[in-house]
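So the chains spell out like this:
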Amino acid sequence: MGSLATYIARRLLLIIPTLLGVSILIFAISMVFTPEQRAALYVTSPKAASKIYQIIKKYGLDRPAHEQYFTWLSNVLRGNLGYSKSMNIPVIRAFTDLWPTSVEIAIYAAPFIVLVGVKLGKISAIYRDKLPDHIARVLAIVGWSLPTFWSAIILLAIFYGWLGWFPPGRLGPEAQAIVRSSEWVTYTGLYTIDALLNGNLFVFIDAVRHLFLPVLNLVIVGNAGIMRVMRSSMLEELNKEYVLAARSKGVAERDIINKHVTRNALIPVVTMAGVLVAGLMTGLVITETVFELKGLGYWAAHAAEQLDIPSVLAFALFTGVVFVIANLIVDVLYAYIDPRVRLQ
Amino acid sequence: MTERNEGNIMEVRDLYVRFYTYEGVVKAVDGVDLDVLRGETLGIVGETGSGKSVTTYAMMNMVPPPGRITRGRVVYRRDGKEFVLTEMPESEIRKLRGSDISRIFQEPKAALNPVYKVGDQVAEAILIHRLDEMKERALETLKSERGVFPSLSRSVIDRSLKFEGDPLVRLLKRIPLLRRLYWKPIKREARKEVVKLLGLMGIPDPDRVYDMYPHELSGGMQQRIVIATALSCNPQLLIADEPTTNLDVTVEAQILELMKDLKKKFGMTLLYITHDMGVIAEMSDRVAVMYAGNIVEVGDVITIFKKPLHPYTKGLLEAIPMPGRPLKDIPGTVPNLINPPSGCRFHPRCEYAMDRCKREKPKLVEVEPGHWVACFLHHDQAAEVEEG
């Protein structure tokens with residue numbers, strides 16, 4: 001395992017140039033805009049808008065690109081991301097207000113999507129061309145082809161409109177009152193976790209009830225990709241000679257599948273899961289809109305509509321960072337599963 | 001071929017194996033009869049696709065899908081007991097695989113799971129077939145250890161030995177961390193056993209090699225690991241499926257030497273599959289020649305090399321490159337086994353082919369004691385033997 005530790009250390013160091021690259025790329029995109037448009041990045045109140053030319057001078061927005069890049073980067077690092085005109089608050093505040101909504105959905109949806117996808121893919125491969133395989137594949141195809149908004153609306157119609165079990169939004173009115181009261185301590189902004197830390201079971205259950213439908217919807221729509229990769233990867237591995245070798249040793253069929261084949265089959269799934277989770281963190285526009293959740297996706301979509309450049313750039317930066325981190329996690333998991341990766 | 005029953009470790013009777021592929025049904029093994037005598041080295045030769053490997057997979061009743069045994073009997077004998085592999089339930093056959101009958105593969109790199117340590121892969125077989133033995137040894141070792149954990153381990157392992165399905169032990173085995181109480185001492189014993197075994201295979205520094213992954217080892221070392229796995233539970237019958245085909249010549253010589261040596265040490269029966277006549281001459285006591293899913297000739301190694309009867313065997317021997325002799329190959333190619341030739345499957349390539357060969361399939365008959373051949377050219381000779 002010593003080589004695994006050095007691998008992780010090496011991989012962590014690699015993150016620095018990658019992040020710099022991301023920032024340069026985003027800055028390069030922002031250079032498409034005029035100095036006036038870019039000055040909006042530094043306007044932090046409606047009043048300051050009248051002093052736009054002073055801002056251009058002050059931040060050197062008419063200076064050469066590399067100088068501008070360093071001023072921009074040092075501002076970003078200090079959390080100064082400009083003013084969001086679509087939200088009427090500074091970008092950094094909009095961001096801190098909104099990220100818990102998206103991240104909460106993502107961290108609950110991701111494990112379920114991956115688990116369901118892997119399990120279905122496994123069943124499908126083991127019972128290839130038999131009934132369980134057909135059922136799993138039909139489920140996956142249905143999920144794959146459903147438009148997210150459509151299945152979300154159907155789920156809402158059944159479980160909220162008809163049964164009244166799982167309402168949209170993040171919290172019910174009573175729970176919201178508790179969360180806004182002075183006794184409530186906000187630790188993370190994620191209601192489920194904060195509720196447990198505050199020892200308030202009522203808010204916790206309420207938060208879970210509100211999370212249930214968006215998470216379920218994402219699992220239905222999202223697991224198909226994982227399932228299909230897992231299935232084909234399992235089928236490929238099942239044909240390998242080490243399976244015969246294990247069988248000739250007297251290993252039980254169940255152990256061959258769970259111990260020998262699954263671990264090898266997971267290697268391509270990990271890549272896919274990394275991209276999927278990163279996408280969940282940043283790309284939930286439709287889910288957030290249908291379920292009346294104000295998260296990052298909703299904000300980014302509105303900001304783009306209203307040409308709110310500072311918000312869009314901040315969102316792009318966030319997306320970049322999330323993908324870099326997701327890739328890091330994927331690479332570490334890779335090395336954990338497959339010892340061959342740990343060499344150089 | 002029924003008189004020698006007592007001496008037979010393995011009998012294959014009238015074996016048919018079919019592969020159900022999209023292109024059609026591949027008649028891979030078509031009525032094979034074969035005896036393996038206890039203690040011998042039987043070489044099976046034939047071109048690629050002649051059904052050598054499939055026949056031996058059938059001997060473990062593990063023909064890989066889409067293949068299936070469609071007819072025939074495979075009987076394994078040990079201590080006067082008969083195990084009919086073609087009729088036993090899978091769970092019972094599994095107890096024989098790896099312990100009584102084990103297998104070495106052609107490509108060691110492919111036969112090893114890339115994501116597990118090689119030592120653990122050898123230990124796996126030991127932990128399946130010699131679990132109780134390892135438990136006993138673990139108890140022995142734990143006796144001399146003091147402390148809470150060793151004594152806890154001891155009582156758990158003791159319980160599991162006394163009553164196999166002990167509910168407490170079964171529960172414990174499911175709980176992470178706690179299950180280490182049970183497994184750790186057992187695995188420690190298995191590791192000792194594996195390290196010993198790796199040493200026996202001529203692997204230098206076996207304790208370090210135990211923790212290596214397959215990709216970190218050379219082909220020769222990988223094959224030694226595969227052989228160690230196959231020998232880990234003292235098999236009676238070892239099936240070696242072209243174990244040296246993918247190795248360098250010098251490494252091949254080492255592995256052949258090792259196998260001969262180990263055969264003596266472990267006192268097992270060896271079934272050696274190859275297409276290399278040189279290796280056959282080097283390794284085997286008796287030889288079975290296969291062509292297109294049939295056995296065409298069986299005999300002891302000297303007879304086969306000095307007095308081959310079947311035209312195919314003759315062709316194989318003439319195809320061995322030798323200085324001062326022009327290389328002669330067998331005309332034509334191995335037939336497509338979805339639509340095999342009628343009658344004798346060799347007749348399209350045979351220079352002695354008669355009309356009868358196209359219509360009828362020759363039976364494998366004994367032309368002289370211990371020398372069997374499936375060819376109409378020699379059926380008269382066989383009749384004489386029977387009369388005389």
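This structure is a prediction, so every number in the text was calculated from the model and none was measured.

Quick notes on the rules
Residues numbered from 1 in each chain as written. Chains lettered and ligands numbered in written order. Predicted model: local features only at pLDDT ≥ 70, side-chain atom pairs only at ≥ 80, totals over all residues. Heavy atoms only, no water. Helix = DSSP H or I, 4+ residues; strand = E, 2+ residues; numbered from the N terminus. Contact = heavy atoms within 4.5 Å. Areas by Shrake-Rupley, 256 points an atom, 1.4 Å probe, with all protein chains shown as cover. Expected span 1.5 Å × (residues − 1). Buried < 20%, exposed > 50% of the residue type's maximum accessible area, 1.4 Å probe, protein only. Arc of directions from axis to C-beta. Salt bridge = Lys/Arg side-chain N within 4 Å of Asp/Glu carboxyl O. Pairing = 2+ DSSP bridges. Axes fitted to C-alpha atoms, helices over the stretch in contact; angles between N-to-C directions. Phe/Tyr/Trp six-rings, centres within 6.5 Å; stacked < 30°, edge-to-face > 60°.

Side note on the overall build of chain B
For step 1, the next point in the chain: Regarding its fold elements, chain B presents 16 helices and twelve strands.
For step 2, the next point in the chain: Across its three principal axes, chain B shows a C-alpha extent of roughly 80 × 45 × 45 Å.
For step 3, the next point in the chain: Within chain B, contacts between residues at least 6 apart in sequence are counted, and of these 64% link residues at least 24 apart.
For step 4, the next point in the chain: Carbon and sulfur atoms provide 54% of the accessible area of chain B, an area that totals close to 18200 Å².

Considering helix α5 (residues 131-143) of chain B
All names here are of chain B.
For step 1, the next point in the chain: Taking 1.5 Å of rise per residue, 13 residues should cover 18 Å, and α5 covers 18 Å from first to last C-alpha, within 8% of that figure.
For step 2, the next point in the chain: Looking only at α5, the buried set comprises L131, M134, K135, A138, L139 and L142. The buried side chains of α5 occupy one side of the element, clustering within an arc of 145 degrees when seen end-on. The outward face of α5, more than 90 degrees from its buried face, is lined by the exposed residues E140 and K143.
For step 3, the next point in the chain: Where α5 is buried, its residues touch α4 (118-129), α6 (148-162) and α8 (179-200).

A look at the pattern of salt bridges
Any two side chains of opposite charge can pair if their charged atoms end up close together.
Residues and elements named next belong to chain B.
For step 1, the next point in the chain: One pass over the full model with this rule turns up 46 salt bridges over all chains.
For step 2, the next point in the chain: The shortest N-O distance in the salt bridge between R356 and E360 comes to 3.5 Å.
For step 3, the next point in the chain: With a relative accessible area of 34%, R356 lands in the partly exposed category.

Topic: unusual backbone geometry
Residue and element names in this part refer to chain B.
For step 1, the next point in the chain: The step from P65 to P66 runs through a cis peptide bond, and the omega angle for that step is 5 degrees.
For step 2, the next point in the chain: Here P66 is to be found in the loop between α1 (52-59) and β4 (67-78).
For step 3, the next point in the chain: A positive phi angle is found at N61, which is not glycine, with a value near 45 degrees.
For step 4, the next point in the chain: With respect to the secondary-structure elements, N61 resides in the loop between α1 and β4.

So, the sheet that holds strand β1 (residues 8-20) of chain B
Residues and elements named next belong to chain B.
For step 1, the next point in the chain: Spatial ordering of the open sheet is given by β2-β1-β4-β5, a layout of four strands whose pairing is antiparallel. Because the sheet does not close on itself, it has two edges, and the strands there are β2 (25-37) and β5 (81-84). Ignoring strand direction, the axes of neighbouring strands in this sheet form an average angle of 10 degrees.
For step 2, the next point in the chain: Sheet topology note: the β1/β2 ladder contains ten bridges and is antiparallel. Its bridge partner being in β2, M10 is matched across the sheet by V36.

Notes on the packing of aromatic side chains
For any two aromatic rings, the description comes down to two numbers: the centre-to-centre distance and the angle of the planes.
All names here are of chain A.
For step 1, the next point in the chain: Summed over all chains, the structure comprises 15 aromatic pairs over all chains.
For step 2, the next point in the chain: Ring plane angle 70 degrees and centroid distance 5.3 Å describe the contact between F27 and Y69, whose orientation is recorded as edge-to-face. Taken together, the residues F27 in helix α2 (residues 15-30) and Y69 in helix α5 (residues 65-77) connect sequence positions 42 residues apart.
For step 3, the next point in the chain: On the numbers, 6.1 Å between centres and 35 degrees between planes, the contact of Y69 with W72 is tilted. In this pair, Y69 and W72 are both assigned in helix α5, three residues apart and thus about one turn of the helix distant.
For step 4, the next point in the chain: Here Y69 falls in the buried class, since its relative accessible area comes to 9%.

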